[in-house]
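Architecture at a glance
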Amino acid sequence: MIGVAGCGRMGAPMLAALRRAGFPAKGFDIRPSSDFAGKDHAITDDIAVFSQDLKILITVVRDIAQTEQVLFTDQKLIHAKHLDCVILCSTLSPRYVRALRARVPDHIALIDAPMSGAQVAAEEARLSFMLGGAPADLDAAQPLFDAMGSHFHRMGAYGSGMQAKVLNNLLAAANTAMTRLVLEWGDAAGLDEAALLALIHTSSGQNWFASNFDQIEFSRDGLSEDNTIGILVKDVESALDAAPQGTDTTLPRSVQTAIRSLRPRPSSV
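Everything numeric here is computed off the predicted structure, so don't read it as measured data.

Some words on unusual backbone geometry
Despite not being glycine, Asp-53 has its phi angle at roughly 65°, a positive value. Tracing the backbone shows Asp-53 in the loop between helix 2 (47-51) and strand 4 (56-59). We note that Ala-118 has phi near 70°; this positive angle belongs to a residue other than glycine. Relative to the helices and strands, Ala-118 resides in helix 5 (residues 118-123).

Section: the pairing of strand 6 (residues 109-112)
The side chains of a regular strand alternate between the sheet's two faces. The side-chain alternation of strand 6 yields two buried faces, one formed by Ala-109 and Ile-111 and the other by Leu-110 and Asp-112. In terms of strand pairing, strand 5 (residues 85-88) meets strand 6 through 4 bridges, oriented parallel. Considered in strand 6, the bridge of Cys-85 is made with Ala-109. Regarding the hand of the β-α-β motif, the stretch spanning strand 5, helix 4 (residues 94-99) and strand 6 is right-handed.

Looking at the packing of aromatic side chains
Enumeration according to the criterion identifies 5 aromatic pairs in this entry. Seen in terms of ring centroids, Phe-129 and Phe-152 are 6.4 Å apart; in terms of plane orientation they differ by 10°. Their pairing is stacked. Note that Phe-129 is positioned in strand 8 (residues 127-132) and Phe-152 in strand 9 (residues 149-156), a separation of 23 residues in sequence. A network of ring pairs unites the aromatic residues Phe-129, Phe-145 and Phe-152 as a single cluster. It is Arg-103 that lies over the ring of Phe-72; its NZ or CZ is 4.1 Å from the centre.

Analysis parameters
- Residues numbered from 1 in each chain as written.
- Predicted model: local features only at pLDDT ≥ 70, side-chain atom pairs only at ≥ 80, totals over all residues.
- Heavy atoms only, no water.
- Helix = DSSP H or I, 4+ residues; strand = E, 2+ residues; numbered from the N terminus.
- Buried < 20%, exposed > 50% of the residue type's maximum accessible area, 1.4 Å probe, protein only.
- Pairing = 2+ DSSP bridges.
- Right-handed = clockwise from strand over helix to strand, strands pointing away.
- Phe/Tyr/Trp six-rings, centres within 6.5 Å; stacked < 30°, edge-to-face > 60°.
- Lys NZ or Arg CZ within 6 Å of the ring centre and 35° of its normal.

Following this line, the structure appears as structure tokens:
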């Protein structure tokens, strides 16, 4: 049995994609199952039900604290009787991820598989995965990634996928902050938002955030601890935690400050 722990914006559609592909998969979330739409979502808040026959655990929780709860404290899924593989899809500090190897029993394979693409890509099963792990473990898990995504980047040994992801997200955070600033300055200059975004998409300022502005669910959000803009602050911190010793962190800290200052942007409609 495959289990997805953390069935929020990303985890729930990832679970649905696995089930559509025919995998025996179920989800766990601390919210009651009645909070989820539809009768066939296969999500439970009963950890005993979730852990029964659990062989592959995919974690899609928010941060290190929730990862600790899932694996070691509240849910203690690392002790599930049949568990033989943990796939970490949350964006976490690479230092923390690598240190897990010493805390997890040797018979349990560890794969770091953070993903990119936002909720829309999860719903359309076209996520990009950055993968770290032993080649045999990655080969065994590839059918699961095929069901959930369309781009797969094997970065090396366990931990390297997470290192690549936090570097990618550092760029994403910078693009988010600067694109939002550019749109605000465009407003002040009387430029039409759609026209400016179309220009950016075909010009040297092109970036994923601007090109997908109308599809990304968090593109107009302001800072909140429980939304994706807030998560970007955490992701920059994860990158900083793994920064080379002695490096100048002024620029990423400035990006982090800019993300913290974002306010909701009104719809153009």
